[in-house]
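Take a look at the letters that make up each chain.
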Amino acid sequence: DTEVTQTPKHLVMGMTNKKSLKCEQHMGHRAMYWYKQKAKKPPELMFVYSYEKLSINESVPSRFSPECPNSSLLNLHLHALQPEDSALYLCASRGQGYEQYFGPGTRLTVT
Amino acid sequence: AQSVTQLGSHVSVSEGALVLLRCNYSSSVPPYLFWYVQYPNQGLQLLLKYTSAATLVKGINGFEAEFKKSETSFHLTKPSAHMSDAAEYFCAVTGTSYGKLTFGQGTILTVHP
């Protein structure tokens, strides 16, 4: 099973709201990733967690706050977002051959 | 540092025709190379991967890719296109310990009846 799940599938939030995105995998992978994807563009890396520790932060604004509660879960906490943050947010986990398995994504709209 | 160039942002083929999507890479370390497919409003699905074993890699849905070090290429092919192959395809490379993927800009494949 190479499934990564993400909830919610769609999210609409105002600029003053606080919300969270959730990602889960049960493949025993120890590296997990958050990506942001705008229309007609490739995914852009935001964060990397390795063994539940934040390893890479690609200079992401502090209104995005990642959290890795355990080896299977990855959260992305959102606060005071801007309309330009509207995008598809993808979670992935890495297998032993360096391949990444992606979840279906959360379509975020900031109003 | 790694980079990926996908030649052709749009490729159009007829159903049953050969599919060829081009990918050239640059890497300062031996690369791991991947092809992903993305259907509208979905995540990325791994088609195939090259990890320094066989240079001809077979993937899902009848796709395959050949790693050519001398040409720094990893082109994706399928002998006979199907309507369900219409999607966006991304080539990606990694060579870092954290597995950071560098993607190409993507190629949108259109399949005509």
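Structure first, text after, so check above.
Now for a quick tour of the structure. Computed from a predicted model, the values in this text were never measured in an experiment.

What counts as what
- Residues numbered from 1 in each chain as written.
- Chains lettered and ligands numbered in written order.
- Predicted model: local features only at pLDDT ≥ 70, side-chain atom pairs only at ≥ 80, totals over all residues.
- Heavy atoms only, no water.
- Helix = DSSP H or I, 4+ residues; strand = E, 2+ residues; numbered from the N terminus.
- Rg over C-alpha atoms; globule rule 2.2 N^0.38 Å.
- Buried < 20%, exposed > 50% of the residue type's maximum accessible area, 1.4 Å probe, protein only.
- Contact = heavy atoms within 4.5 Å.
- Areas by Shrake-Rupley, 256 points an atom, 1.4 Å probe, with all protein chains shown as cover.
- Lys, Arg positive; Asp, Glu negative; His and termini not counted.
- Charge placed at Lys NZ, Arg CZ, Asp CG, Glu CD.
- Buried area = accessible area lost by both parts, 1.4 Å probe.
- Salt bridge = Lys/Arg side-chain N within 4 Å of Asp/Glu carboxyl O.
- Polar contact = N/O pair within 3.5 Å; in protein donor to acceptor, adjacent residues only side chain to side chain.
- Nonpolar A, V, L, I, M, F, W, Y, C, P; charged D, E, K, R; others polar.
- Disulfide = S-S within 2.5 Å.

Once that is clear, we can look at the overall build of chain B. Summing up its helical and strand segments, chain B has zero helices and 11 strands in all. Computed over the C-alpha atoms, the radius of gyration of chain B is 13 Å, within 12% of the 13 Å expected from 2.2 N^0.38 for a compact globule of 113 residues. Seen along its three principal axes, the alpha-carbon backbone of chain B occupies a region of about 45 × 30 × 20 Å. Counting across all 113 residues of chain B, residues that qualify as buried make up 43%. Put simply, 56% of the contacts in chain B that link residues at least 6 apart link residues at least 24 apart. When the accessible area of chain B is evaluated, it comes to approximately 5300 Å², of which 54% is carbon and sulfur surface. Of the side chains in chain B, 7 bear a positive and 6 a negative charge, and the two mean positions are spaced by 9 Å.

On the side of chain B, 23 residues touch chain A, which itself brings 25 residues to the contact. Interface of chain A and chain B: buried area, both sides summed, is about 1800 Å²; carbon and sulfur atoms make up 59% of it. If you sort the residues of chain A by the area they bury against chain B, P42, Y98 and F102 of chain A come out on top, with a joint share of 28%. Counting every contact that joins chain A to chain B gives two salt bridges. For E99 of chain A, the salt bridge is made with K49 of chain B, and the minimal N-O distance between the two is 3.1 Å. The tally of links from chain A across to chain B stands at nine residue pairs in polar contact (both at pLDDT 80 or more). Those elements that provide at least two residues to the side of chain A that touches chain B are β4 (31-37), β5 (44-50), β6 (53-57), β9 (87-94) and β10 (100-102) of chain A. For the side of chain A that touches chain B, the class distribution of residues is 13 nonpolar, six polar and six charged.

Another point: the state of the cysteines. All names here are of chain A. Applying the stated criterion to the full structure yields two disulfides over all chains. A sulfur-sulfur distance of 1.9 Å marks the disulfide that ties C23 to C91. The disulfide joining C23 to C91 has a torsion of about -70 degrees about its S-S bond and is therefore left-handed. Residue C23 is found in strand β3 (residues 18-25), and its partner C91 is found in strand β9; the two are separated by 68 residues along the sequence. Across the pair, C91 and C23 agree in class, each one buried. No disulfide involves C68; its sulfur sits 9.3 Å from that of C23, the nearest cysteine.

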